Amino acid sequence: WASGCPKTPEPGDVIIARKRPARSVAYLDRSLDVPGRSNKGRICATECVDITDFVDFLPDEEDDQAVLVRAVVLPPLKKSKIIELSTRSSRLALALSESNKSRAIAADPLPQPGDIVPGFVSGVDIKGGVFIRLSRNLVGRVLKKDVSDGYIADLASEFFVGRLVAPVILSNPDEMGRVELSLRHSDIQTQGRSVVDVSPGAKLTGRVTRIEDYGVFVKLDDAPRHAASGLAHVSEIADNERITDLTLRFSKGDKVKALVIEVDDKNPRKHRVSLSLKPSHFVNDDVEDSDAEDEVMKDIDDEEIEARVDALLARDSDEDEEEENGELTLLGDNNDEESEDSDSNASEDDSDSDDDDVMGMQSESRGLQWDDEKQDDSDSDAEEEEEVAVPVRKKSRREAEAEARARETELAEGAEPRSIDDFERMVLSEPDSGRCWTRYMAYRVAETDAVGAREVAERALKSINYRKENERLLVWKALIRLEHEHGSETSHAKVVDRAIAANDPESILVYVAELHTRAGEHNEADAAFRRAHLKVKGSLSLDTWTKRSRARLAAGDAASARSVLDRALQANAGNEGARVTLLARFAVAEFDIGNVERAKTIFDDLTKSLAAKRLDVWQLYIAKIIKTGDIEAARILYSRLAKAPLPPKAMHTALRRFIEFEKRYGNEANIAKVRQLARSYVDARKEEEEVPASDEEMED
């Protein structure tokens, strides 16, 4: 308000403006008086602070007063006489330099489909959906069907004006500065990873969704919604022939590679993508590393066969397992240094310990520790009790400050927090760490302060950055467990509903089901699984099917467990790998808590048909048999495995493990038999290499 102020500020000027008392936040702005004659200014909610400092845009105490603020003048919006201002610290810092003024007033970059952009709810329409202000000149709309994966009864109360949200962009901005958005957690997970370029010449992967006489429809992996699928015309299926019956070559759910040959973008919200599945487009993309293995088998004379067998059985590298087929990940059974028993334990714990690891019960994160997991501070407590009896002079302020600084240094170096003050320092230093917040909650629970633990959880959900989804998920799960163990049915149900609206419904409901299963509440667990099935569009994940069938076995309902397995197999009818995984995991559950004979039947059927070439399934079966103590049955299985049609690298691993098994459980005669099997295998491989190729094979 000093004299000499320009009549009308220019873009890039740094001025002192007076904020007017706020009447409403309906339009997500703040009104200001600007120096000059009857000049009015406006600060959009997205220009108040930098994006990294966004919080819910709500009235504060200063909004009822006339406050002076420093602001940068921005270029005006179209057909508006109001002066646009910004109080972002980043713009102010740039505007103070003449050379950076153009950067200070530059508009935010336009988001692209697949980007996750924070914004503020500007309004709610019961029919139209939720409107979100992304920048001062860009507004997005979330259709009602895209607001959440679950059902929200009252949109207006859930999405109040000024609430900070982080939607995913579904379309490019139109001429009016409007975009289509989604707040579905499933869309944010998939669209947020949309980094593939769906343009002519791009080679992508996808799955067959529909088969017609004129072509095959393919859903592209990690593609933006506006170009999520394409059509491969019947003429683009094979190179030198026309396929008359596509169903003989493709099935629904088949994974394919596709080349984008054309994108019709006349409609910006729904592109038509033309694909080609001709094998000639992908000749140089896949390099078979088995060629090197074949070269090794060439030119081996009879004198070298024995040395070759020794090398085969003595190989001690994990690289063979990791490269053989990418299949040794069925149940975590891919560590060759561990014994069969440890392999079995790893697979056994897979379905039960995932969420405990996420919660940090006994894992690296050490999250919630409840009453039965208190830290052992008995020695220090005893010392403190002894010191209480000794008269101690009152500490001076300087000594108290020095002690506080020393304690902060200890905490920074990894010392365990022992008081509320220690935990407050910890969460202030790492406000985005779900591990720190859940440890704080556990401390309050251990002090029988469940109310305080709830308050900590709510603070955590407000403090952790909205982009840190995994960290926020830790807190949500901790809060759900807190209400399950220390709250009422009503409070637990309310927290679960909130968590479903803010996260992936499947992961939340599966965790709730596991809590009920561990507590012996089998009916409630099955209800949570059924709710997950209703919430998820499409099929459940393999882990969820496995956990549900295992929960029914734990409840003693084998018939229901087999029914769940049948539904899972039906849902994955076109995916052979998924079916093998489901059957193998169900067999492991039968071994652990069901009927061993049924488990053997499932594994026998698998190793004779679908999983005959899957070393991980063979090894899992053998590990479970060894755990039962039936060594002879395990030896028979190893003998069958040595004759199975495995790839070369997988066979090397199988024979090496067979001889390790005999060294542990057998004798010299058994070891000699394994060596003979290895010699026979090497001879057979050598003969295959020496067989001359036919004329047709030479042409190929």
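Residues numbered from 1 in each chain as written. Predicted model: local features only at pLDDT ≥ 70, side-chain atom pairs only at ≥ 80, totals over all residues. Heavy atoms only, no water.

**Some remarks on the overall build of the protein chain**
Along its length, the protein chain carries 26 helices and 16 strands. Within the protein chain, contacts between residues at least 6 apart in sequence are counted, and of these 60% link residues at least 24 apart. Of the roughly 37,600 Å² that the protein chain leaves accessible, carbon and sulfur atoms contribute 48%. (Helix = DSSP H or I, 4+ residues; strand = E, 2+ residues; numbered from the N terminus. Contact = heavy atoms within 4.5 Å. Areas by Shrake-Rupley, 256 points an atom, 1.4 Å probe, with all protein chains shown as cover.)

**With respect to the pairing of strand S14 (residues 229-233)**
Taking every second residue as pointing to the same face, the buried face of S14 carries Gly230 and Ala232, while none of Ser229, Leu231 and His233 on the other face is buried. For S14 and strand S16 (residues 272-276), the ladder comprises two bridges, and the chain directions are parallel. Counted as the bridge partner of Ala232 is Leu275 from S16. (Buried < 20%, exposed > 50% of the residue type's maximum accessible area, 1.4 Å probe, protein only. Pairing = 2+ DSSP bridges.)

**Remarks on unusual backbone geometry**
The backbone of Thr448 shows a phi angle near 55°, a positive value even though the residue is not glycine. Along the chain, Thr448 turns up in the loop between helix H12 (434-446) and helix H13 (450-463).

**Concerning the packing of aromatic side chains**
Summed over all chains, the structure comprises nine aromatic pairs. Plain terms: the ring middles of Phe423 and Tyr443 are 4.9 Å apart, the flat faces sit at 40° to each other, and that makes the pair tilted. Placement of the pair is Phe423 in helix H11 (residues 420-429) and Tyr443 in helix H12, with a sequence separation of 20 residues. Ring plane angle 10° and centroid distance 4.9 Å describe the contact between Tyr638 and Phe658, whose orientation is recorded as stacked. One end of the pair, Tyr638, is in helix H23 (residues 631-642); the other, Phe658, is in helix H24 (residues 648-665), and 20 residues separate them in sequence. This pair shows no difference in class: Tyr638 is buried, exactly as Phe658 is. Through a chain of ring-to-ring contacts, the aromatic side chains of Tyr638, Phe658, Phe661 and Tyr665 assemble into a single cluster. When the ring centre of Phe217 is taken as reference, the NZ or CZ atom of Arg210 above it lies at 4.1 Å. (Phe/Tyr/Trp six-rings, centres within 6.5 Å; stacked < 30°, edge-to-face > 60°. Lys NZ or Arg CZ within 6 Å of the ring centre and 35° of its normal.)

**Considerations on the sheet that holds strand S1 (residues 14-19)**
Paired through their backbone hydrogen bonds, the strands of a sheet run either parallel or antiparallel. Here five strands make up a closed barrel; going around it, the order is S1-S2-S3-S5-S4 and the pairing mixed. Put simply, the sheet's adjacent strands are angled 50° from each other on average, direction ignored. (Axes fitted to C-alpha atoms, helices over the stretch in contact; angles between N-to-C directions.)

**Quick look at the confidence of the model for the protein chain**
Mean pLDDT over the protein chain: 76, with 72% of residues reaching 70 or higher. Contacts of residues 332-392 to residues separated by more than four positions or lying in other chains number 105 contacts, the stretch itself having pLDDT below 50. A low-confidence stretch, residues 693-700 stays under pLDDT 50, and its non-local contacts, those more than four residues away or across chains, total one contact. (pLDDT = per-residue confidence, 0-100.)

**Points about the layout of surface pockets**
Approximately 1,400 Å³ is the volume found for the second largest pocket. What lines the second largest pocket is a set of 43 residues, among which Arg163, Leu164, Arg472, Trp476 and Ala502 lie closest to the centre. It is helix H15 (residues 489-502) that contributes the most residues to the lining of the second largest pocket, five residues altogether. Among the residues making up the lining of the second largest pocket, the classes are represented as 22 nonpolar, eight polar and 13 charged. (1 Å grid on protein atoms, 1.4 Å probe; cavity = no way out; pocket = protein on both sides within 12 Å on 5 of 7 lines; lining within 4 Å. Points joined across faces, edges and corners; volume = space filled by probe spheres on them. Nonpolar A, V, L, I, M, F, W, Y, C, P; charged D, E, K, R; others polar.)

**Details of the environment of Asp53**
Mapped onto the secondary structure, Asp53 falls in the loop between strand S3 (39-44) and strand S4 (67-73). When the C-alpha positions of Asp53 and Arg88 are compared, they lie 9.7 Å apart, and in sequence the two are 35 residues distant.

**Description of H13**
An ideal rise of 1.5 Å per residue puts 20 Å on 14 residues; H13 measures up with 20 Å between its terminal C-alpha atoms. All of the buried residues along H13 are Ala450, Gly452, Ala453, Val456, Ala457, Ala460 and Leu461. (Expected span 1.5 Å × (residues − 1).)

**Some remarks on the packing of helix H16 (residues 505-518) against helix H18 (residues 542-554)**
Where H16 contacts H18, the two axes come as close as 11 Å, and the packing angle between them is 20°. When the axis of H16 is compared with that of H18, the two are roughly parallel. H16 and H18 meet at a crossing whose hand is left-handed. Residues Glu506, Val510, Glu514 and Thr517 of H16 pack against Thr544, Lys547 and Ala551 of H18. Each residue belonging to the contact of H16 with H18 can be placed in one class, and the counts come to two nonpolar, two polar and three charged. (Parallel < 35°, antiparallel > 145°, perpendicular 65-115°, else oblique. Left-handed = near helix turned anticlockwise from the far one by under 90°.)

**Quick notes on the nonpolar core**
Phe603, Leu606, Ile622, Leu641 and Leu646 are the most contacted members of the largest nonpolar core, which has 49 residues in total. Top contributing element to this core by residue count: helix H20 (residues 576-593), with nine residues. Apart from residues no more than four positions distant in its own chain, Leu646 is found in contact with Ala612, Lys613, Arg614, Leu615, Leu641, Met651 and Ala654. Listed in part, the 38 residues of the second largest apolar core include Met441, Leu479, Ile500 and Ala551. (Core = buried A, V, L, I, M, F, W, Y, C linked by side-chain atoms within 4.5 Å.)

**Thoughts on the packing of H13 against helix H14 (residues 469-486)**
It is the contact of H13 with H14, at a shortest axis distance of 10 Å, that shows an interaxial angle of 160°. Relative to H14, the element H13 lies roughly antiparallel. The handedness of the crossing between H13 and H14 comes out as left-handed. Residue-level contacts link Ala450, Ala453, Arg454, Ala457, Glu458, Ala460 and Leu461 of H13 to Arg472, Val475, Trp476, Leu479, Leu482, Glu483 and His486 of H14.

**Some details on the pairing of strand S7 (residues 129-135)**
Burial runs high along S7: six of the seven residues are buried. Strand direction decides the pairing type here: strand S6 (residues 119-125) and S7, joined by five bridges, are antiparallel. Bridging across to S7, Val124 finds its partner in Val130. Hairpin connection, S6 to S7: the antiparallel pair is bridged by three residues. One ladder, built from five bridges, connects S7 with strand S8 (residues 138-142); its direction is antiparallel. By the bridge assignment, Arg133 is partnered in S8 with Val139.

**Description of the pattern of salt bridges**
As enumerated under the stated definition, the model contains 32 salt bridges in all. Between Arg88 and Glu47 there is a salt bridge, and its shortest N-O distance comes to 3.3 Å. Here Arg88, found in the loop between strand S5 (83-86) and helix H1 (89-95), pairs with Glu47, found in the loop between S3 and S4; they are 41 residues apart in sequence, far enough to count as distant. We classify Arg88 as buried; its relative accessible area is 5%. With its nearest N and O atoms 3.6 Å apart, the salt bridge here joins Arg91 to Asp108. Note that Arg91 is positioned in helix H1 and Asp108 in the loop between helix H2 (101-104) and S6, a separation of 17 residues in sequence. Look at Arg91 and you get buried, because its relative accessible area is 5%. (Salt bridge = Lys/Arg side-chain N within 4 Å of Asp/Glu carboxyl O.)

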